[in-house]
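Geometric and topological summary
The lines below spell out each chain.
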Amino acid sequence: MASNGDGKGRVATAAAGGGYGYGYGGYEGPEERKWWPWLVPTVIVACIVVFAVEMYENNCPKHGSQLGGCVAGFLRRFSFQPLRENPLLGPSSSTLEKMGALDWNKIVHQHQGWRLISCIWLHAGLIHLVVNMLSLLFIGIRLEQQFGFVRIGAIYLLSGFGGSVLSALFLRNNYISVGASGALFGLLGSMLSELLMNWTIYSNKAAAIITLLFIIALNLAIGILPHADNFAHIGGFVAGFLLGFVLLARPQFGWMERQELPQTSQPPKYKAYQYVLWVVSLVLLLIGFIISLVMLFKGKNGNNGCHWCHYLNCVPTSKWKCNT
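Per chain, the residues get numbers from 1 upward, laid out in the order the sequence is written. pLDDT decides what is reported in this predicted model: residues at 70 or higher carry local features, side-chain atom pairs at 80 or more are listed and counted, and totals for whole chains, interfaces and linings draw on all residues regardless. To get the side-chain values, all heavy atoms of the structure are used, and hydrogens and water are removed first.

**Examining the overall build of the protein**
Runs of H or I in DSSP of at least four residues are treated as helices and runs of E of at least two as strands, each being numbered from the N terminus. Regarding its fold elements, the protein presents 15 helices and three strands. Within the protein, the proportion of its 324 residues that are buried is 50%. Looking at the protein alone, contacts between residues at least 24 apart form 78% of all its contacts between residues at least 6 apart. Computed with the Shrake-Rupley method and a 1.4 Å probe, the accessible areas treat only the protein chains shown as cover for residues. Here the protein displays about 15,000 Å² of accessible surface, and carbon together with sulfur accounts for 66% of that area. Three exposure classes are used, based on accessible area relative to the maximum for each residue type with a 1.4 Å probe and protein chains only: buried under 20%, partly exposed in between, and exposed over 50%. Contacts are residue-level and defined by heavy atoms, with any inter-residue pair within 4.5 Å sufficient.

What follows is the structure, encoded as structure tokens:
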């Protein structure tokens, strides 16, 4: 979420966990190695620990608030800011900024590029944390079991970084952003590209892709509500989508059964279109990161070159405004 202390956004937990999965798409290949998922649970524990540190550092009873008393005062030092200040049950904006929230001014003018990574581990409140961690649990465990911790860890971190970069390019002054939603959208993007990359080895293709596209569209639609940072969602999704082509290709059937074939009939490990997608995606990914980072550290504001892009982040209606 982006606002004065809100989080990067949220991923629809039920949708993310309840439809498309490896097996739902009807994978027809030989039995593959199943990885023991330890990275995703570790990330979840780390985010919970970081949130506890946020609340310890926030210390609402000591610092107080002009908007009312602390929520859940029995938690003492770990109590939450008033709901009028933070409806997500969390710390103040100043605490999030101190601990590494995404802040365009500090990144560009104070050379604090580390905030592009640190903001991924911060959450704006207990509600924000629970929604994101449940989403990560549903999405990430399946992916790590199927592809291992190295590839899924790389997608998670690079997608989160990509979401932070795009968010910073469009983030207005005096706004901060935190949350793992960009990384989560990267995992969704990688699921889509994995399905397309390995299209020939799935049955029930139509059902799988329709379900996944519905989940993605639903979560992007949620992102146009106030206080959600849809630029982080979009940046993470695009990065994850391209990374899926690079890291999640599956060998074709013939190569998996090569031991049973004559030496002269050995098929290539991957099909030609998989190699093409791999190269194109890697080139686009590198170009995108280089251009975005150069623009960011030169102090460019993405809104100046795209006057309608702010509607991707929030659409004003009679019910809400987008500048709050």
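**Notes on the nonpolar core**
Among buried residues, the Ala, Val, Leu, Ile, Met, Phe, Trp, Tyr and Cys ones that are joined through side-chain atoms within 4.5 Å form a nonpolar core. Counting residues in hydrophobic clusters, the biggest one holds 57 residues, and the most contacted among them are Leu116, Leu136, Leu187 and Leu296. Contributions of two or more residues to this core are made by helix 2 (39–58), helix 5 (104–109), helix 7 (126–147), helix 8 (149–170), helix 9 (181–197), helix 10 (205–222), helix 11 (230–247) and helix 13 (272–297). Discounting residues that sit within four places of it in the chain, Leu296 has contacts with Trp104, Ile107, Val108, Leu116, Ala168 and Leu169.

**Quick notes on the confidence of the model for the protein**
In the predicted model, the protein carries a mean pLDDT of 82, and 79% of its residues have values of at least 70. Per residue, pLDDT measures the predictor's confidence, with a range of 0 to 100. Low confidence marks residues 13–24, where pLDDT is under 50. Its contacts with residues over four positions away, or in another chain, come to 37 contacts.

**Let's talk about helix 7**
Multiplying 1.5 Å by the residue count of a helix minus one yields the expected span of that helix. In a regular helix each residue adds 1.5 Å, so 22 residues correspond to 32 Å; helix 7 covers 30 Å between its end C-alpha atoms and thus fits that length. Of all the bends found along helix 7, the most pronounced is centred on Gly140 and spans about 30°. Gly148, located one to two residues past helix 7, shows a positive phi value of around 90°. Bend angle per residue: angle between axes fitted to the 7 residues ending at that residue and the 7 residues starting there.

**Quick word on the UniProt feature "transmembrane region" (unreviewed entry) in the protein**
UniProt positions are given in the numbering used here, feature names are shortened, and annotations may be inferred rather than shown by experiment. According to UniProt, the positions carrying the feature "transmembrane region" (unreviewed entry) are residues 35–53, 120–143, 149–171, 183–201, 207–225, 237–255 and 275–297. Taken end to end, residues 120–143 is 75% helix and 0% strand, and its two terminal C-alpha atoms sit 19 Å from one another.

**Observations regarding the side chain of His123**
When you line up the elements, His123 lands in the loop between helix 6 (115–118) and helix 7. Setting aside residues up to four positions removed in sequence, His123 forms contacts with Cys47, Phe51, Glu54, Pro91, Leu96, His128, Leu129, Asn132, Met133, Val178, Gly179 and Ala180.

**Overview of the state of the cysteines**
By definition, disulfides here are pairs of cysteine sulfur atoms that lie within 2.5 Å. Scanning all chains against the criterion turns up one disulfide. Disulfide pairing places Cys60 opposite Cys70 at an S-S distance of 2.0 Å. Measuring handedness by torsion sign, the sulfur bridge of Cys60 and Cys70 sits at about -95° and is left-handed. Residue Cys60 is found in helix 3 (residues 60–63), and its partner Cys70 is found in the loop between helix 3 and helix 4 (93–99); the two are separated by ten residues along the sequence.

**Side note on the side chain of Arg115**
Looking at the element boundaries, Arg115 is found in helix 6. Counted as positive: Lys and Arg. Counted as negative: Asp and Glu, with His and the chain ends omitted from the count. Note on definitions: salt bridges are taken to be side-chain nitrogens of Lys or Arg within 4 Å of carboxyl oxygens of Asp or Glu. One buried charged residue, Arg115, remains without a salt bridge, the closest side chain of opposite sign being Glu97 at 5.7 Å. Beyond its immediate stretch of four places on either side in the chain, Arg115 contacts Glu97, Gly100, Ala101, Leu102, Asp103, Lys106 and Ile107.

**Regarding the environment of Pro61**
Secondary-structure assignment places Pro61 in helix 3. With sequence-adjacent residues up to four places away left out, Pro61 is seen in contact with Cys70, Arg76, Arg77 and Ser79.

**Focus: the packing of aromatic side chains**
In summary, the pairing rule links any two rings of Phe, Tyr or Trp, Trp by its six-membered ring, whose centres are within 6.5 Å, and it sorts them by plane angle into stacked for under 30 degrees, edge-to-face for over 60 and tilted for everything else. Taken as a whole and judged by the stated rule, the model has six aromatic pairs. With centroids separated by 5.9 Å and ring planes inclined at 45°, the aromatic side chains of Tyr56 and Phe78 adopt a geometry described as tilted. One end of the pair, Tyr56, is in helix 2; the other, Phe78, is in the loop between helix 3 and helix 4, with 22 residues separating them in the sequence. Tyr56 gets classed as partly exposed once you look at its relative accessible area, which sits at 42%. Under the relative-accessibility criterion, Phe78 is labelled partly exposed at 36%. Measuring from ring centre to ring centre gives 4.9 Å for Phe241 and Phe245, while their planes differ by 80°; the resulting arrangement is edge-to-face. Taken as a pair, Phe241 and Phe245 lie in helix 11 at a separation of four residues, close to a single helical turn. What makes Phe245 buried here is its relative accessible area of 6%. The ring of Tyr56 has Arg77 lying over it, and the distance from NZ or CZ to the ring centre is 3.7 Å. Only lysine NZ and arginine CZ atoms are considered, and such an atom sits over a ring when it is within 6 Å of the ring centre and within 35 degrees of the ring normal.

**Looking at unusual backbone geometry**
Even without being a glycine, Ala72 presents a positive backbone phi close to 60°. Looking at where Ala72 falls in the secondary structure, it is placed in the loop between helix 3 and helix 4. Even without glycine at this site, Leu89 takes up a positive phi of about 60°. Residue position: Leu89 is located in the loop between helix 3 and helix 4.

**Some words on the packing of helix 7 against helix 9**
As a rule, the C-alpha atoms of each element are fitted with a line to give its axis, helices using only the stretch in contact, and angles between N-to-C directions run from 0 to 180 degrees. The N-to-C vectors of helix 7 and helix 9 enclose an angle of 35°; their axes lie 10 Å apart at closest approach. Read as a crossing pair, helix 7 and helix 9 show a hand that is left-handed. Only Ser181, Leu184, Leu187, Leu188, Ser190, Met191 and Glu194 of helix 9 make contact with helix 7, whose side of the interface consists of His128, Asn132, Ser135, Leu136, Ile139, Gly140, Leu143 and Phe147. Tallied by class, residues from the contact of helix 7 with helix 9 come to eight nonpolar, six polar and one charged. Helix crossings fall into two classes, left-handed where the near helix is turned counterclockwise from the far one by less than a right angle and right-handed where it is turned clockwise. Three residue categories are used. Nonpolar comprises Ala, Val, Leu, Ile, Met, Phe, Trp, Tyr, Cys and Pro, charged comprises Asp, Glu, Lys and Arg, and polar comprises the others, including Gly.

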